[in-house]
Amino acid sequence: MQLLASYLHGTWSTGSGSRTALVNPTTEEVLAEVSTGGHDLAAAFAHAREAGARELAGMTFAQRGTLLGALAKAIHGAREELIALAVANGGNTRGDAKFDIDGGAVTLSYYAELGGKLGTGTLLADGEPIQVGRTARMGGQHVWARRRGVAVHVNAFNFPAWGLCEKLACALLAGMPVISKPATATALVAHRLAQLFEPLLPKGVLQLLIGPAGSLLDHLRAGDVVAFTGGSSTARTLRTHPKIVEHGVRLNIEADSLNAAILGPDVDLGSEAGALFLADVVRDMTQKTGQKCTAIRRVLVPEARFKDVCEAIRERVATIAIGDPSREDVRMGPLATAAQRDDVRAGIARLAAATEAVHGGTGDITPVGVPAGKGFFVGPVVRSTTSPMDCAPLNDHEVFGPVSTVGAYSGDAGFAAAFVARGDGCLVSSAYSDDRDWVASFVGAAAPWAGRLYLGSSKMASQSPGPGTVLPSLLHGGPGRAGGGEELGGERGLHFYMQRCALEGDASVLKSLVGG
Ligand code: NAP
């Protein structure tokens with residue numbers, strides 16, 4: 001049995017202690033094991049602080065961008081191998097695996113290009129120069145400077161490639177060395193990526209801890225940062241971790257999200273905007289078996305279209321083949337772990353007590369091409385409610401699987417925004433309308449509750465990637481329940497890894513410092 005090694009302080013080592021199995025969620029076959037401890041994490045932090053920080057300090061943005069470009073190329077070169085690992089270890093269909101792996105490569109390429117644009121400087125200007133004296137001679141300029149510390153990345157199980165790459169791209173371009181910890185259950189893809197990346201990066205710039213976090217966070221000190229993606233209960237543990245509290249360690253959290261999709265009162269289901277809405281809801285329910293932090297969990301439609309929407313979603317979902325994700329005819333695989341399957345089933349039971357059945361019952365299915373009784377499968381489940389705002393199981397719990405609930409409303413934009421707000425903060429919500437006044441009322445009231453608002457309409461329908469796709473150029477993160485974090489968003493993604501400093505002095509000196 002393969003024992004996965006971590007890459008720490010310049011060497012690959014398997015650690016020691018008891019072992020945890022990584023399984024194929026389709027067959028429950030054990031694919032590899034990880035040891036749960038025995039790593040010298042103090043040495044890993046020292047290696048990052050010394051070798052890693054030194055290497056990155058000596059590089060311009062453009063040079064760091066060149067490194068990121070090489071990582072993207074390495075992914076392209078090993079794409080088929082990575083896809084096979086994601087199918088086996090993540091229960092991904094080929095399409096799901098590409099979404100994760102290509103998403104990682106695209107994000108690295110985006111930041112490689114940004115590095116080229118930022119050029120040979122080492123400080124980033126933040127806004128325009130400001131006159132602070134009696135004359136223009138005395139000026140002010142805000143800048144972003146590289147932080148002197150280690151960036152610790154803790155990732156969720158659902159995007160082992162993209163999660164690693166999107167955090168790595170921003171940290172490296174900003175100039176911080178990284179210790180990355182993938183979720184244990186699906187670590188095979190991240191492990192292979194680290195093997196591919198290691199020869200392409202200077203020593204100490206990227207280290208990988210495979211297996212449980214153990215005492216990882218106990219080594220944090222002032223200047224370090226932690227970027228976490230995962231569930232809200234783990235996020236709570238991190239927020240109160242003694243080292244994070246003691247040293248004021250910067251912490252970014254991407255957690256649960258009850259994303260909503262809202263159909264505007266002007267949209268017919270047969271229109272381009274209507275077709276886009278239906279396609280987005282069904283894709284988000286079933287892509288990656290609904291295990292996307294950006295997936296649509298709550299659907300709100302005008303009363304007049306409520307029955308038609310339920311029926312249209314039911315029809316589309318019913319045709320989706322579920323089973324062994326390595327088969328070409330299968331469009332939805334299993335959930336990633338037995339624990340996720342049990343959580344999703346519990347979530348369906350909670351919803352069932354407060355909503356009406358549309359499709360899928362309790363999620364029981366007979367998957368195609370899978371040995372009887374094997375695999376962590378739950379079929380797509382659609383529920384409905386005529387009182388969506390009052391439905392606590394819908395608005396208070398994220399069911400991290402192929403489950404959506406359709407609610408009815410009057411069509412009022414204020415109500416639609418209040419429904420977004422009822423999720424207590426989300427990563428993304430979407431509204432589909434060609435009525436600009438309705439959209440303006442909705443956006444003004446919903447924006448404080450969402451990291452991103454996706455505005456579906458007839459005019460953009462043919463170019464739309466859907467709300468579930470996170471773009472490197474746009475912010476990813478959300479307020480409240482979603483963790484209050486911010487990642488990506490182009491150059492903004494670097495700021496978490498940098499310190500903003502206000503410079504005050506001779507305006508011509510300030511100008512020269514930011515390359516003016
Ligand atoms: P999780 O159980 O919170 O685990 C997330 C990561 O935290 C894993 O790497 C896990 O390691 C690690 N971890 C667990 N306990 C820790 C501790 N005490 N100290 C340090 N690290 C610790 O979440 P998950 O089950 O992987 O992911 C599902 C959740 O993530 C969902 O609720 C979903 O909403 C959320 N999610 C959010 C986003 C987003 O961008 N906002 C994206 C994807 C998923 P082990 O695997 O070794 O336990």
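Structural data are supplied above this passage.
Right, let's walk through the structure included here. These numbers were taken from a predicted model, which means no experiment stands behind them.

Description of the packing of aromatic side chains
Right, on to step 1. Taken as a whole and judged by the stated rule, the model has ten aromatic pairs.
Right, on to step 2. A centroid spacing of 5.3 Å and a plane angle of 70° characterise the contact between Phe277 and Tyr432, whose relative ring orientation is edge-to-face. Here Tyr432 lies in strand β17 (residues 426-432) and Phe277 lies in helix α9 (residues 272-286), a separation of 155 residues in the sequence.
Right, on to step 3. Taking the relative accessible area as the measure of exposure, Phe277 reaches 0% and is therefore buried.
Right, on to step 4. Relative to Tyr497, the ring of Phe496 has its centre 5.0 Å away and its plane inclined at 85°; by these criteria the two rings are edge-to-face.
Right, on to step 5. With a relative accessible area of 13%, Phe496 lands in the buried category.
Right, on to step 6. Owing to a relative accessible area of 3%, Tyr497 belongs among the buried residues under this scheme.
Right, on to step 7. What links up through ring pairs into an aromatic cluster is the set Phe99, Phe159 and Trp162.
Right, on to step 8. Against the face of Phe61 rests Arg64, its NZ or CZ located 5.3 Å from the ring centre.
Right, on to step 9. One cation-aromatic arrangement involves Lys288 over Phe159; the distance from NZ or CZ to the ring centre is 4.5 Å.

Examining the environment of Asp364
Right, on to step 1. If you trace the backbone, Asp364 turns up in the loop between β14 (356-359) and β15 (381-385).
Right, on to step 2. When its relative accessible area of 55% is taken as the criterion, Asp364 is described as exposed.
Right, on to step 3. Asp364 sits 153 residues away from Gly211 along the chain, and the two C-alpha atoms are 31 Å apart.
Right, on to step 4. In terms of polar contacts, Asp364 uses its side chain to reach the side chain of Arg345, at 3.0 Å.

Quick word on α9
Helical geometry: 3.6 residues make up each α-helical turn, so side chains three or four residues apart lie on a common side.
Right, on to step 1. Taking 1.5 Å per residue, 15 residues should reach 21 Å; α9 reaches 21 Å between its end C-alpha atoms and fits that length.
Right, on to step 2. Across the 15 residues that make up α9, a large majority, eleven, are buried.
Right, on to step 3. Along α9, the positions that sit buried rather than exposed are Ala273, Gly274, Leu276, Phe277, Leu278, Asp280, Val281, Val282, Asp284, Met285 and Thr286.
Right, on to step 4. Of the residues flanking the end of α9, it is Lys288, one or two places downstream, whose phi is positive at about 50°.

Remarks on the sheet that holds strand β5 (residues 124-131)
Right, on to step 1. Sheet architecture is open: three strands sit in the order β5-β6-β21, paired in antiparallel fashion. Sheet topology places β5 and β21 (498-506) at the edges, where each strand pairs with a single neighbour. Sheet twist, expressed as the average angle between the axes of neighbouring strands with direction ignored, equals 15°.
Right, on to step 2. Relative to strand β6 (residues 138-146), β5 is paired through five bridges, and the arrangement is antiparallel. For Asp126, the partnering residue across the bridge sits in β6 and is His142.

Criteria and cut-off values
- Residues numbered from 1 in each chain as written.
- Predicted model: local features only at pLDDT ≥ 70, side-chain atom pairs only at ≥ 80, totals over all residues.
- Heavy atoms only, no water.
- Phe/Tyr/Trp six-rings, centres within 6.5 Å; stacked < 30°, edge-to-face > 60°.
- Helix = DSSP H or I, 4+ residues; strand = E, 2+ residues; numbered from the N terminus.
- Buried < 20%, exposed > 50% of the residue type's maximum accessible area, 1.4 Å probe, protein only.
- Lys NZ or Arg CZ within 6 Å of the ring centre and 35° of its normal.
- Polar contact = N/O pair within 3.5 Å; in protein donor to acceptor, adjacent residues only side chain to side chain.
- Expected span 1.5 Å × (residues − 1).
- Pairing = 2+ DSSP bridges.
- Axes fitted to C-alpha atoms, helices over the stretch in contact; angles between N-to-C directions.

Function cannot be read off these values alone, since they describe shape.
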